[in-house]
Amino acid sequence: MNESAGSTNAPSPVPVVCVGASAGGLEPAKALFASLSDARDAAYVLVLHIPPDRSSLLAPILSRSTNLEVIEVAEPLQLMRGRLHVIAPGVDLRIVGDTLRPADPEERDGIRYPIDRLFRSMARERGDRSIGVILSGSGTDGAAGSAAIRRAAGIVMAQEPAEVAQPGMIRAVMQAGLTDWVLPLHRLGPAIQECVREAYSDIVDSPRESTAAEMSAVVALLRRRRGHDFGSYKTGTLRRRIGRRMALHQIDDLARYRALLESDSRELETLFNDLLIGVTCFFRDAEAYESLRTLVLPSLVRTARADAPIRIWVPGCATGEEAYSILILVREALTAA
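Predicted model only: the values in this text are computed from it and were never measured.

Conventions used here
- Residues numbered from 1 in each chain as written.
- Predicted model: local features only at pLDDT ≥ 70, side-chain atom pairs only at ≥ 80, totals over all residues.
- Heavy atoms only, no water.
- Helix = DSSP H or I, 4+ residues; strand = E, 2+ residues; numbered from the N terminus.
- Buried < 20%, exposed > 50% of the residue type's maximum accessible area, 1.4 Å probe, protein only.
- Contact = heavy atoms within 4.5 Å.
- Areas by Shrake-Rupley, 256 points an atom, 1.4 Å probe, with all protein chains shown as cover.
- Pairing = 2+ DSSP bridges.
- Axes fitted to C-alpha atoms, helices over the stretch in contact; angles between N-to-C directions.
- Polar contact = N/O pair within 3.5 Å; in protein donor to acceptor, adjacent residues only side chain to side chain.
- Phe/Tyr/Trp six-rings, centres within 6.5 Å; stacked < 30°, edge-to-face > 60°.
- Lys NZ or Arg CZ within 6 Å of the ring centre and 35° of its normal.
- Expected span 1.5 Å × (residues − 1).

1. Digging into the overall build of the protein chain
A count of helical and extended segments in the protein chain gives 12 helices and 12 strands. For the protein chain, the residues scored as buried account for 49% of the 337 residues in total. Across the protein chain, the fraction of contacts at a sequence separation of at least 24, relative to all contacts at a separation of at least 6, is 70%. When the accessible surface of the protein chain is totalled, it reaches about 16,400 Å², and 51% of it is carbon and sulfur.

Given below as C-alpha cells:
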C-alpha cells in the first residue's frame, strides 16, 4: 500500500487535484475554476485535448475567469498551491513527487490518452489522497486513469452529463462504476475543496481524544459486523479513508458518521470495501523486481531440477499484478537459461 502520502517522517505532499476534459470542456473548466472559493487550498492540473500542431490560448483564457495563477506547463515545474497548471500542446503530463513533468505523448491505436496518463501518475504518487475530476468530452480518455485512482482508494468526480453536449468521457467513467460523485457544475467546486480538506488535513494524523475514541468505535463496529479487524491498520490511512467517506456524505463529525454506519448497512459495506482496496500495478517496486531479475532468478533457475516445479509464494497479491509480474520474470529467466 502506498503510504508516502501519510508518512509522519516525510514532508506532506502538495495537495493536487487533476481535471480532465475534451470536446466542449473549455466552458465547464472556466466555470469550475471560477467557482473555487479558496485558491490556496491545492495545486490544480488541467488536461484538455489540444491538437499538437496548434498553439494554445488556454492559459490566458482561463486566467480571465479565475483567481488562480494560470501557467502552461511545457517544462518540468514544481506543483504549487494556488496555481492552475494547464497542459501545453504536443505533450503529456505526469506527476513525479511534487513536480509536474511533460513527456512525449503516448498513443494506443493512434489515439492519445493524456488524461489517463496524468491520473495514473497521480494514483501512483498520491495513493488514497488522489482526486480526479472528469468534465465534458467525447471518447473514453480518463476511464483507465479513473480506475487507477479508485484502486488507490482515491476519489473520482464527474460533471453531471445532462449539463454537457459531449458526455462520452463522463458516461465511460460512470458506466464502469468508477465515480464517487456526479454533480452539477455549481456543486462540483465546493465538493472538490471539501475532499481536499479531508484528504490532506493534518488533523487526521493528530486526532483529539474524542475523535480517537470514535475511530475505535468504528473499527469495533466493522469487526462486529464484518468479522475483520482493522485495528492494526496504519492510523493515517484508516483516518483518511474514513474521512473520504465522510466527505462524500458531507458529514464533518465522526460520531454522526458512526451513527450512519450503525443504521445503513450499504454504507458499512462500502466503507469495508474501501478499506480493503490495495494499491498495486505491474512491476510496482522497480528496484525490488530488478534485484529479483538479476540476482535471484538466474540462480534459482540454474539450480532447479528438471523434473521438479519452481514454486513461488506471493502473499497478499491483491488483484494479481504482483504474481503475474513475477511469472513474467520467471518465464524470461527460463527462456534465457
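2. A word on unusual backbone geometry
Even without being glycine, Ala-153 reaches a positive phi, approximately 65°. In this fold, Ala-153 is placed in the loop between α4 (143-151) and β11 (155-159). Phi is positive for Gln-250, close to 55°, though the residue is something other than glycine. If you trace the backbone, Gln-250 turns up in the loop between α8 (235-248) and α9 (254-263). Of the residues examined, Gln-250 reaches a relative accessible area of 58% and is grouped as exposed.

3. Regarding the sheet that holds strand β2 (residues 43-48)
Consider a sheet: its strands pair through backbone hydrogen bonds, and that pairing is either parallel or antiparallel. The seven strands lie next to each other as β3-β5-β2-β1-β10-β11-β12, forming an open sheet whose pairing is parallel. Each end of this open sheet is capped by a strand with a single partner; those strands are β3 (69-73) and β12 (181-183). Pairwise comparison of adjacent strand axes, ignoring direction, gives a mean angle of 20° for this sheet. For strand β1 (residues 16-21) and β2, the ladder comprises six bridges, and the chain directions are parallel.

4. Considering the side chain of His-85
Following the sequence through the fold, His-85 ends up in strand β5 (residues 83-87). A polar side-chain atom of His-85 sits 3.4 Å from the main-chain carbonyl oxygen of Arg-83.

5. Considerations on the pairing of strand β7 (residues 99-103)
With respect to burial, β7 is a largely interior element, four of its five residues being buried. By the bridge criterion, five bridges tie strand β6 (residues 92-96) to β7 in an arrangement that is antiparallel. Looking at β7, one finds that Ile-95 is bridged to Leu-100.

6. With respect to the environment of Glu-160
Structurally, Glu-160 is set in the loop between β11 and α5 (168-175). Sequence spacing of Glu-160 and Ile-134 is 26 residues, and the spatial spacing of their C-alpha atoms is 9.7 Å. With residues up to four places along the chain from it excluded, the contact list for Glu-160 reads Val-182, Leu-183 and Pro-184.

7. Examining the packing of aromatic side chains
Two descriptors summarise a pair of aromatic rings, namely the distance from one centre to the other and the angle between the planes of the rings. Under the counting rule described, the total for this entry stands at three aromatic pairs. Geometrically, the ring pair formed by Phe-33 and Tyr-44 is edge-to-face, given 6.0 Å between the ring centres and 80° between the ring planes. In this pair, Phe-33 sits in helix α1 (residues 26-35) while Tyr-44 sits in strand β2, placing the two residues 11 residues apart along the sequence. Exposure class is identical for Phe-33 and Tyr-44. Each is buried. Of the aromatic side chains, those joined through ring pairs into one cluster are Phe-230, Tyr-233 and Phe-272. Sitting over the ring of Phe-272, Arg-226 keeps its end group 4.1 Å from the ring centre.

8. Considerations on helix α6 (residues 185-200)
The first and last C-alpha atoms of α6 sit 23 Å apart over 16 residues, in line with the 22 Å expected at 1.5 Å per residue. Taken together, the buried positions of α6 are Leu-185, Leu-188, Gly-189, Ala-191, Ile-192, Gln-193, Cys-195, Val-196, Glu-198, Ala-199 and Tyr-200.

No statement about biological role is implied by the geometric values presented.
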